[in-house]
Structures are given as C-alpha cells and as structure tokens.
Amino acid sequence: MANLCLSVPGQPYLDESYRSVCFQTFLSILQSSKTSDVDDITFCMLLQNALKGIQSLLNGGKMKLMQTDQLGSLLAVLKKCMFHGLPGLSIEMPPVLYPAPLPQYDKRSPVKQEQSELAAFKQTGNRRKKSKGKQKKGEFGEDTKDDLADTGNESIHETDMLKLHLRDVQNSPCSDLRTHALDVAYMPTGKDHLSSHYNSWKRISSSESEYSDAEGGIQSKMRSYQAKVRQGALACFLSAIKSIEKRVLYGYWSAFVPDAPGIGSPQSVSLMTIALKDPSPKTRACSLQVLSAILEGSKQFLSVAEDANDHKRAFTPFSVTIASSIRELHRCLLLALVAESSSQTLTQIIKCLANLVSNAPYNRLKPGLLTRVWNQIKPYICHKDVNVRVSSLTLLGAIVSIQAPLPEVQLLLQQPSSSGLSNSGTGTPHRFNSSEQWRKTFPLEGEPADNPGNMPSEPCWLIRLCISIIVLPREDSCSDSDANFPSGCVYEPSPVRLESLQVLALLVKGYFSMAQSYLLELGEVACKCMEEMDPSIQLHGAKLLEELGTGVVQQYKPDSAVAPDHRVPVSVVVAFWTMMLNGPLPGALQNSQHATLQTSACDALSSILPEAFSSLQNDRQILCITLLLGLNHSENPLVKAAAARALGVYILFSCLRQDVMFVADTANAILNSLHDKSPNVRAKAAWSLGNLTDTLIVNMETMGQSFQEEFSDLLLLKMLRSATEASKDKDKVKSNAVRALGNLLHFLQPYHITNPRFRETIEESIQALISTVQSEATMKVRWNACYALGNVFKNPALPLGEAPWTTQAYNALSSVVKSCKNFKVRIKSAMALSIPSKRECYGPTEQFCQIWSALVDFLEFKYSASLRTQICQALIHLLSLAKNTDLPFISETITENGDAIKAYVLQYMKSGVEENEAGMHTNLCEREKALKGAIEHLCGIEKQLEGKARVRVSVYLEDILTNHVNAAELTEA
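All of these numbers come straight from a predicted model, not from anything done at the bench.

Caption draft 1: Just the overall build of the protein chain, in detail. Per the secondary structure count, the protein chain includes 48 helices and 2 strands. Counting the 973 residues in the protein chain, one finds 56% classified as buried. Across the protein chain, the fraction of contacts at a sequence separation of at least 24, relative to all contacts at a separation of at least 6, is 74%. Only carbon and sulfur atoms are counted for the fraction: they give 53% of the accessible area of the protein chain, which is about 41,600 Å².

Caption draft 2: How the structure looks around the nonpolar core. In terms of nonpolar packing, the biggest core is built from 285 residues, with Phe-237, Ile-294, Leu-462 and Tyr-650 touching the most fellow members. Examining the composition of this core, we find that 10 residues originate from one element, helix H15 (residues 318-339), more than from any other.

Caption draft 3: Quick peek at the packing of aromatic side chains. Scanning all chains against the criterion turns up 16 aromatic pairs. Each ring, one from Trp-374 and one from Trp-461, has its centre 5.5 Å from the other, and the planes form 85°; the classification is edge-to-face. Highlighted residues: Trp-374 in helix H17 (residues 369-377) and Trp-461 in helix H21 (residues 461-471), separated in sequence by 87 residues. Here Trp-374 and Trp-461 have matching classes, each one buried. Taking 4.8 Å as the distance between ring centres and 25° as the angle between the ring planes, the aromatic pair formed by Tyr-650 and Phe-653 counts as stacked. Note on accessibility: Tyr-650 and Phe-653 belong to one class, buried. Here the aromatic cluster, defined as three or more aromatic residues joined through ring pairs, consists of Tyr-250, Trp-253, Phe-301 and Phe-318. Over the ring of Tyr-225 we find Lys-228; its NZ or CZ atom is 5.0 Å from the centre of that ring. Positioned over the ring face of Tyr-556 is Arg-567, at 5.3 Å from the centre of the ring.

Caption draft 4: Inspection of the side chain of Glu-408 at higher detail. As for its position among the elements, Glu-408 is in helix H19 (residues 407-413). The charged side chain of Glu-408 is buried without a salt bridge, its nearest counter-charge being Arg-372 at 7.4 Å. For Glu-408, the side chain forms a polar contact with the main-chain nitrogen of Leu-370, separated by 3.3 Å. Contact partners of Glu-408, with chain neighbours within four places excluded, come to Pro-367, Gly-368, Leu-369, Leu-370 and Thr-371.

Caption draft 5: Seen up close, unusual backbone geometry. The amide bond that connects Ala-404 to the next residue, Pro-405, takes the cis arrangement and shows omega of -5°. Mapping Pro-405 onto the fold places it in the loop between helix H18 (386-401) and H19. Its identity is not glycine, yet Gln-403 carries a phi of approximately 45°, on the positive side. The partly exposed category is assigned to Gln-403, whose relative accessible area is 28%.

Caption draft 6: Molecular detail of the state of the cysteines. This structure, assessed with the given rule, holds 0 disulfides. Cys-81 supplies the cysteine sulfur nearest to Cys-236, a cysteine that is in no disulfide, at a spacing of 8.9 Å. Given the relative accessible area of 0%, Cys-236 is considered buried.

Caption draft 7: Just the packing of helix H24 (residues 519-530) against helix H26 (residues 570-582), in detail. The contact between H24 and H26 brings their axes to 10 Å, and the two run at 10°. It follows that H24 is roughly parallel to H26 by the angle criterion. Residues Leu-519, Leu-520, Gly-523, Glu-524 and Cys-527 of H24 pack against Val-572, Ala-575, Phe-576, Met-579 and Met-580 of H26. Partitioned by chemical class, the residues of the contact of H24 with H26 number 8 nonpolar, 1 polar and 1 charged.

Caption draft 8: Here's a closer look at the pattern of salt bridges. For the structure shown, the criterion picks out 19 salt bridges. A salt bridge links Lys-34 to Asp-40, with the shortest nitrogen-to-oxygen separation between them at 3.4 Å. Between Arg-331 and Glu-328 there is a salt bridge whose closest N-O contact spans 2.9 Å. Linking Arg-331 with Glu-328, this pair stays in helix H15, spanning 3 residues, or about one helical turn. As far as the burial class goes, Arg-331 and Glu-328 line up, both buried.

Caption draft 9: Region of the structure containing the environment of Ala-832. Residue placement: Ala-832 occurs in helix H42 (residues 823-833). In sequence terms Ala-832 and Phe-793 are 39 residues apart; their C-alpha atoms lie 7.6 Å from each other. In contact with Ala-832, not counting residues within four places along its chain, are Cys-786, Gly-790, Phe-793 and Leu-813.

Caption draft 10: Spotlight on helix H31 (residues 637-650). For H31, built from 14 residues, the straight-helix expectation of 20 Å at 1.5 Å per residue is met to within 8% by its first-to-last C-alpha distance of 20 Å. Of all 14 residues that make up H31, 11 are buried, and the element is covered over most of its length. Listed in full, the buried residues belonging to H31 are Val-639, Lys-640, Ala-641, Ala-642, Ala-643, Ala-644, Ala-646, Leu-647, Gly-648, Val-649 and Tyr-650. Structurally, the start of H31 carries an N-cap: the backbone nitrogen of Leu-638 is 2.9 Å from a side-chain oxygen of Asn-636.

Caption draft 11: Main features of the confidence of the model for the protein chain. When pLDDT is averaged along the protein chain, the result is 80; 78% of the residues meet or exceed 70. Across residues 105-215 the pLDDT falls below 50, and counting only partners more than four positions away or on other chains, this stretch makes 265 contacts in the model. Taken as a whole, residues 913-921 scores under 50 in pLDDT and shows 20 contacts with residues more than four places along the chain or in a different chain.

Caption draft 12: Expanded view of helix H2 (residues 40-59). With 20 residues, H2 should cover 28 Å at 1.5 Å per step; its first-to-last C-alpha distance of 28 Å lies within 8% of that length. Looking at the buried residues of H2, the elements they touch are helix H1 (16-31), helix H3 (68-82) and helix H9 (218-243). In this structure Asp-39 caps H2, since a side-chain oxygen of it lies 3.1 Å from the backbone nitrogen of Ile-41.

Cut-offs used in this document
- Residues numbered from 1 in each chain as written.
- Predicted model: local features only at pLDDT ≥ 70, side-chain atom pairs only at ≥ 80, totals over all residues.
- Heavy atoms only, no water.
- Helix = DSSP H or I, 4+ residues; strand = E, 2+ residues; numbered from the N terminus.
- Buried < 20%, exposed > 50% of the residue type's maximum accessible area, 1.4 Å probe, protein only.
- Contact = heavy atoms within 4.5 Å.
- Areas by Shrake-Rupley, 256 points an atom, 1.4 Å probe, with all protein chains shown as cover.
- Core = buried A, V, L, I, M, F, W, Y, C linked by side-chain atoms within 4.5 Å.
- Phe/Tyr/Trp six-rings, centres within 6.5 Å; stacked < 30°, edge-to-face > 60°.
- Lys NZ or Arg CZ within 6 Å of the ring centre and 35° of its normal.
- Lys, Arg positive; Asp, Glu negative; His and termini not counted.
- Salt bridge = Lys/Arg side-chain N within 4 Å of Asp/Glu carboxyl O.
- Polar contact = N/O pair within 3.5 Å; in protein donor to acceptor, adjacent residues only side chain to side chain.
- Disulfide = S-S within 2.5 Å.
- Axes fitted to C-alpha atoms, helices over the stretch in contact; angles between N-to-C directions.
- Parallel < 35°, antiparallel > 145°, perpendicular 65-115°, else oblique.
- Nonpolar A, V, L, I, M, F, W, Y, C, P; charged D, E, K, R; others polar.
- Expected span 1.5 Å × (residues − 1).
- pLDDT = per-residue confidence, 0-100.

Below, the structure written as structure tokens:
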C-alpha cells in the first residue's frame, strides 16, 4: 500500500477516494498497540511502512491537512512514533492533539518507565566500559553530552548534576565548555540513583546505533529497527509541516517545542528530547531538521514574545510563555551543541540555532541569549568539518543581521579577538596575526596616515577572522575530511569563503560604525574577490562593495544621526572609489558572460557617495557615466534594470544635474528602458524618470529660465507622452509615472502650454492623473497621484479654475478626502487642495463651497491627528482666499459646527508634533501668521458686505486667535 502511494513522474496519481482510504488505514495502524502475538521487529516494520505511506500521500499526492481532527490525529501518532523505542521513555498520547497555547497532555507511566529503564540497564549495562551518569532536571530535555573522539555517539545524561552545573556551563568562557561537559559526565552519583537510572539514557556506540548487527545480538537489531521508526516519524512530520499553513502549525507549538518546566513539574517531551537523548545521530539530526522547519518563518508568531520586564500578575501572559519557550530552545540547543560529536548532527544543530536567531525578537527579550550563542559557537568556526564551519559562519551572520544594531551584539563585536578562540587548537592566533600582513604594499591615493573617524581601539575580531578566511592560504590544521574539497586547494573551500563574505556584508550593513575603520582594507578584499575566477566569489565581492558604499552614503544623509566628525572622511571615500575604478570594477561591469555580476557591479557603482563622485578625477567620472549609459542598452533585463536604476541615482548628484547634456542623455536612456518588455526594467526606469523630473524642478528653482529654455522641447514632450503611457502600466510602474507627470506639468512654461503640439498631451496627462486618483490602484499609487496633482496646481501658467479639467480634479481630491480608507492618501489630497495660491484657481463659488464642505465634514475624524492637522491648514488657506459670494456658505457651516471647528483649529495652532507625519513643516509663527492673514482678508470682505453676513467669520477667527494667545501666555507663565 505504501508503494502504491508513491508518486511516479508522468503517471496519474491515486484517485481521491483511494487516497482517503489509504490515509485512514495507515493512521489506524499507527494508532494501534502491539499485540502479544506480534514480535517487536515485525511491529516496527509495520509502523515504518505506515509512516512511509502517509509521507508519500503528503508529498506525492499534495495532500492538504485541513480538518482539525485529521491533523490532530496525525500529529498525535507522529509524536508517539517519534519516541518509539527510545530507551527509558514510555509515553501515552491522547488520540488527537488540539491547538493550544499551553503544553499539552502527555502521560508517562512511572512503573513502565522504571521497568524499561531497569531492562535497559540489564541488557546494555555490562557491555559499557565507560559509564556516564543520567542527568535529570525535572525530567527531559535538560541534559548534555560529551564529545570525546572515542565515544562517537555516546551521550552523558545525569540531570541532577546538570541542574547544579548548567548555569556554569552557559556562563563559562567558550574555550572551557567541553571541559565543563566532561566534568558533568564524570561526576560520581549515589548508588540508589544509579540502580534505577544508571544507563537508561546512555547512548550506544556507533556500531550499535545504526544498521549493523556485528555482535549478533537481537537487541542491537531491534534498536536499529526502532530508530528507523523514529526517523520515519520525523521524516513524515517534516512532510506534514510543508502541508500545513504556518498559522495552523503554530497552534501545536507547545506539543513539539520545549518550554521551561514549572517549579516541581516535569518538562514535557519535545523534539529537543530526541535531539538530546536519542542514541542514533541520524535520528537526532532528523529531529533538528523538523525543529528548523518549524522555526523557519516563525518571526511573526514569535514577535509577541516579551520578557524584558518582570511581570507581576496572577496569570502568565502568552508573550511571557513564548519568551520562556525561546529561552528554553536556546538552552537546549546549546547543550546539544556542547556534547555532540557527529559532524552531520552538529551541522543541523547550528543550522537550527541560525533559524532560531533569525526569527526571535531579541529587542523584546532580556539580553544575554545571543552572548551565550556567540561564545559557544566560536570554537566551531575552525572545526575540521567544512559543513560545520560554514553553518557556524551562517549563525554568526544571523546574529549580526537580526534587528541590527543590537547593543548586545555591538559589545560582542568589540570583544578581544582571542576571546573563545585561543584554545580551539586550530592555529587561530597565527591566522589573526597573518591577516594583518596580507594587504598589498602599493600606496593608496589619499589614504590618511591615521585611521579615519571613530575607529574602535580594539580590532573587530569577526572582521579580522572573515578577512583571513577569504584572503589567506588555508592552514594544515583545518584538514577537511570531505572529499569534495581537494587538499591541494590554496584557500579555504569555496563555501567557507562565500559564507565569510556574506557575514562581512551583513556586518557592514548592520554595524557600519564597527566596519568603517576597515573601509580601505575591505575594499581591497572586494577587489581581490572580483579578480578571482570563481563567479560566486566575484559576485559576493561586488555585493560587499555595494554594502560598503551604501554604509558611507547613509552616514552622509541629512537625517543621519552620525556626527560629522565620526563619518568616514570624503578623502578616504575618494581613495576607496579610485581603487575600485582603477581595479576590477570596470571589468566586472563589462563582463557580459556573467550578467548577475554585471547587475551587482551596477548596484555597487550606484552606491558611490555624491560628494566623493564630484572629487574623482574627470576621466573616472566619465568612465562611470559611459559604462552606465552603455549598460542601459543591455539585452539582459537584470543588467538593464540595474543600469536604469543607477542612472536614476546619478541624476540627483549636484555635480551632474545642472549639466544639460547629461540630463538629456540620461532622459533618452531612461525613456528607452521605459518601453522595455520586462516589467522590472520598466519599474526601475519609471523610478529613475521620477528622480530625473525632481531634478528638473530643482534646476528650475535654482537656475531659473535659463535651464528651461536650454532643455529640449521635443525631449520634454517625449517625456510627457511616455509618462502618460506608463501611468496605465502595472502599479509598480504607475506609482513613479504619476510622480513624473506631476513634476513635468509643474515644469512647463507658458510658451509650452500655448504650443498646439503640447496642448493635447497636457490634457491627456492631467486626465491620467485624475483617473489614477479615483482608481482602485494601490495606496502608494493614489498617494503619488494626489501629490502629483498638487504639483500641477503649483504651475501658475496652467489655466487652473478655467479649464474643464479643474472641476474633475477638485471633485476627485474632495472624494478621496471623504472616502479613501488610507489616511496618507487623504492627507495628500487635503494638502493638494490647499496649494492653489489664488481664489480664481478654485473656480466658481459652488466649487469652492464643495471643497470647503468636504474638508469640514472630515475634520472630526477621530483616528488621524495628522489628517486633522492638514485639513485645518487647508481650511485656513481657503479662508484667506474666500470672496464675498463664498461667505454665506462658510457662515452657515460655522453656525452648525463652530464649536468643533474651533476646538480643532486651537489644537492645530498649538501642536507641533503631527507635522512630520503629514509631511508639513509649518512652525507655530507661520500658523499664527496664516490665521492673522485670513482674519485681515475676511475683515476687508465683510466691510464690503456692510453687515449683510449672518455670522462674521472674521470675529469667529479673532476669538480663536485670542484664545490661542491667552493659552500660550499661560503656558509660558
């Protein structure tokens, strides 16, 4: 039956009815108990085949476990089979597991447990030469193992002793961890304790734990079959995880993931019980694979965890329960790490730790967890097995990338380089000393004598380690047993070097302040990698270069928190990029055989600091521009997209944006990419077009008409048409196309608008913006469209208030203020409504009153202070432009809603917090000035009406201003 359930390529799978029958049959076999007339080995084979059948149904039949009872029944039998034949453990499972946030029922019979432990002692005890005590803290998952070479798969299990020494193990320096583990293993225990527990958890030797029957004993054969059942159950569970939605799976978290036991209560059995106690290294590795699969993608589920503050409540919050589980996972995995001797299983433990680190919310947990992981992983960086070395570096990469920058990790990076590595027996000190000498001897142009910025006094050991792995010849002490890596290789195996490059890139990204003092040295590392023959090494060298460039750019951003004297000096950045451009970067950019490398090199070149670019030699600047313009015509969409994006970055450089020829060349290149068949290329080109049009506006404001007249009318018309067409494309293209349209319509001069060639295109462009505002597009698209209409309103040359599209534009914006679900879109539409500078621009009184009404209706909206702030600003702006025919409607509104409007306007006058979210920068004085201006304007109009107005709006506003001034004086007093 199990074989029938296998999926055969090219052949139809079993019908649904047969699948259902098979599943129920397999499930009932797994749920049944062994009868007296069936021998143990036959029963094991029965279980194995049932598990194999269910796994085939899950894999080949793409079976989805949707029903709670069906899933609960399967998980219950899988949990039972996961522990089948595990020495010293006898559990009874309920027939069904149900989703629950707390540890679930698993009953252990003390009598059965004691009997099985005694049996295990009688059967195996006399064959053991080296005895290791069983350790128990509460019950399960609290033990550790030794890693003596001559006891390959044997374990140490005596949790009474471990209870006393666990904290010492965790807090001890890394180099002493194994010594602690052995101390625990050989501690003497009392006779009474040994009588029942002496060998119950002791691992059997490697010859007994797998599939041989060298001793000819039936017990050895039976243990092998039992281990196969456990492995089959774990493999089946792994397939089940892929068939279950993660949100459903996490309902069963507590059934399979350990939690710290309560005072006086035993710990429930979990996957970590197997990882710590199973005699078979293959089974231990299987359990860790399953745990890794559960942890993968668990970030959202684990994000609720919190134990940073001690809770003092009558109940334990769910957040604390999850935090406790995370801590217990760290503790158990580190115990497994210290004691494991199988390289394959070690690799799985470290991968599991990396998955845990990548998903745990350390910023919400008490510090210390990462420190323990960090200190205990250090010796494994130089392990003899290449896979262990790679996974150790992956774990370090996870630590430096998770929620960076974390203060705890910052401190770890500043540890002395010898901490935890000096006793690893792998020649690490020599590697560190050598790594200082590897650099080329040629002088770097502009390199200062002293280290730039805020160099840490103590070198960052992780940076030094990764550099040494990448650039230094391999050491004899790291003799890889893996035949895939020939002993004649000069450097470390490629996977180790690649992982080191990734760690460096992640460290630079998350902790640039630590890496910036190594900028030139890391630049040389990137150069060396890009000069190598291995395409993967070249690619990761380019990615490291991009992170270094981005780190520098971030420091120089206007909102950067880094003090100017702590930034990398521009002279050093110039030296850095000169080295790159005189080195292998141009070659990488022109390597058409390796498109991925070209793409990464483009991204790297776009990360150059603008201030440094302007200081480069002229021929280097021309080289950069020429390469990017050339790559914009690449046939490879990845390269073309990267080149289009890089041009969009360069067009914002102050030293390039005023060059009309460069702007024109870039515009033509971007328009070419905007018509590409690849959506990704078009999206990048649209973003760059948006940046280019931003540059046009800046040039118009700083250089005046001279730039506008010099810029080609034909090119401008071409840009308008292309942007209008792109506004009908996919949302990723559309969002920047409408941004470009707003800027282009703002940039137009009166002679453009009167030009017959432009007239139809202008009308189409504005209609495209109006329809986008009203569309069901993504919020980002509509937000940009509202912003773009605001830009259109800034152009005094456009016939706003007279043209037929005026009413459509105002109706669209008013509708968005009233009905859009997204606050940012409403804020931008209200902002656009407050931009026209003359009353005539708002059209007839009816149109003006509709806008006023739309704004007042949503002033009382409770959930967005920023929206109210923007609406208040728009209302005051409208009042400062109102004419006599508008006042009756405004007076009527104030009569109905005067108190509410007054309260919100007073709040607006005194607030200074919300403007950032609204994208406004008006200060208190400007707000007072605007209100006084509105009062003066209304007083003049009301005099013309000679008292005909039912409510004097100016008096109403004067009352608000007086209240505001009095409140401000009281606050100051």
